[in-house]
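Chains, contacts and geometry: an overview
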Amino acid sequence: MIRIILIGYMGAGKTTVGKALAKDLGLMFYDLDWYIETRMHKTVAQIFEERGEEGFREIERNMLHEVAEFEDVIISCGGGTPCFFDNMDYLNQQGDTVYLQCSPEVLAKHLRMGKGVRPLLLGKNDEQLMAYIREHLAEREPFYSRARHTINVDLMDNYEKIRITVDGVKRLVNIM
Ligand code: S3P
């Protein structure tokens, strides 16, 4: 049974790599944020608005416990998923966790575009975004680094690099 779980900061490329990996291996792909949105009939931004971050984290944990029971799947988590409750222990127990590690500079580049849909980044200018990512990533790194495997994805911004990352993840979890 294969269950690969991708974690990492917002903008690291968890969804992109997860999709490509699932296609390559012929497995189902689940993105936790999408799963939450489908199950709740609400966007992540709406859930944040209505229930605050605390409410979102509870829903996120409950949904994680559904998704991480599925078999022969690739799962991508939200950036904060490993950092709340005992989620990181649970993730490591359920599957092959892979941390997509990315520098604050590259994350900021990717996130400048998608700021609007991410509640935690809302209303920040470029300078504030950079400062926030540096600090926030440093807080989260201790959780992320508990993944079974780590792969650096700083170079991942075109098709060839996604390919290399997919192969790298397969090698790490021993399914080449
Ligand atoms: C969050 C990341 C988001 C989403 C929510 C909170 C975070 O997912 O779960 O906005 O705390 O880092 P992505 O990492 O897919 O953007």
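As a reminder, the structure under discussion sits directly above these lines.
Just so it is clear, the model here is predicted, and its values are computed rather than measured.

Some details on the packing of aromatic side chains
Applying the stated criterion to the full structure yields six aromatic pairs. Considering the side-chain rings of Tyr30 and Phe70, the 4.9 Å spacing of their centres and the 50° angle between planes classify their relative orientation as tilted. Within this pair, whereas Tyr30 is found in strand β2 (residues 28-31), its partner Phe70 is found in the loop between α3 (44-67) and β3 (73-76), the two being separated by 40 residues in sequence. Residue classification places Tyr30 among the partly exposed residues on the basis of a relative accessible area of 21%. Ring geometry for Tyr99 against Tyr144: centres 5.1 Å apart, planes inclined by 35°, an arrangement best described as tilted. Of this pair, Tyr99 sits in strand β4 (residues 96-101) while Tyr144 sits in helix α6 (residues 126-144); the two residues are 45 residues apart in sequence, bridging distant segments of the chain. In terms of burial, Tyr99 and Tyr144 fall into one category: buried. Ring pairing ties together the aromatic residues Tyr30, Tyr35 and Phe70, which thus form one cluster. Cation over ring: Arg61 sits above Phe85, and NZ or CZ is 3.9 Å from the ring centre.

Focus: the site of the ligand
For the ligand, the set of nearby residues contains 13 residues, the closest of which are Lys14, Asp33, Arg57, Arg118 and Arg140. Gly80 is positioned such that a nitrogen or oxygen atom in its backbone is 3.2 Å from an oxygen atom of the ligand. Here the ligand loses 95% of its free accessible area of 390 Å² to cover by the protein chains. With three residues, the single largest contributor to the shell around the ligand is α3.

Concerning the packing of helix α5 (residues 104-114) against α6
Packing of α5 against α6 brings their axes to within 9 Å, and their N-to-C directions diverge by 130°. If you check the angle between α5 and α6, you find them oblique. Viewed along their axes, α5 and α6 form a crossing whose handedness is right-handed. Here Pro104, Glu105, Leu107, Ala108, Leu111 and Arg112 of α5 come into contact with α6, specifically with Asp126, Leu129, Met130, Ile133, Arg134 and Leu137. Counted by class, the contact of α5 with α6 contains eight nonpolar, no polar and four charged residues.

Considering α6
Of all the bends in α6, the greatest reaches close to 35° and is centred on Ala138; the proline Pro142 follows between one and four positions later. Within α6, the full set of buried residues consists of Leu129, Met130, Ile133, His136, Leu137, Arg140 and Tyr144. Contact partners of the buried residues in α6: β1 (3-7), α3, β4 and α5. Put simply, Asn125 is the residue that caps the front of α6, since its side-chain oxygen is 3.1 Å from the backbone nitrogen of Glu127.

What counts and how
Residues numbered from 1 in each chain as written. Predicted model: local features only at pLDDT ≥ 70, side-chain atom pairs only at ≥ 80, totals over all residues. Heavy atoms only, no water. Phe/Tyr/Trp six-rings, centres within 6.5 Å; stacked < 30°, edge-to-face > 60°. Helix = DSSP H or I, 4+ residues; strand = E, 2+ residues; numbered from the N terminus. Buried < 20%, exposed > 50% of the residue type's maximum accessible area, 1.4 Å probe, protein only. Lys NZ or Arg CZ within 6 Å of the ring centre and 35° of its normal. Near = heavy atom within 4 Å. Polar contact = N/O pair within 3.5 Å; in protein donor to acceptor, adjacent residues only side chain to side chain. Areas by Shrake-Rupley, 256 points an atom, 1.4 Å probe, with all protein chains shown as cover. Axes fitted to C-alpha atoms, helices over the stretch in contact; angles between N-to-C directions. Parallel < 35°, antiparallel > 145°, perpendicular 65-115°, else oblique. Left-handed = near helix turned anticlockwise from the far one by under 90°. Contact = heavy atoms within 4.5 Å. Nonpolar A, V, L, I, M, F, W, Y, C, P; charged D, E, K, R; others polar. Bend = angle between axes of the 7 residues up to and from the residue.

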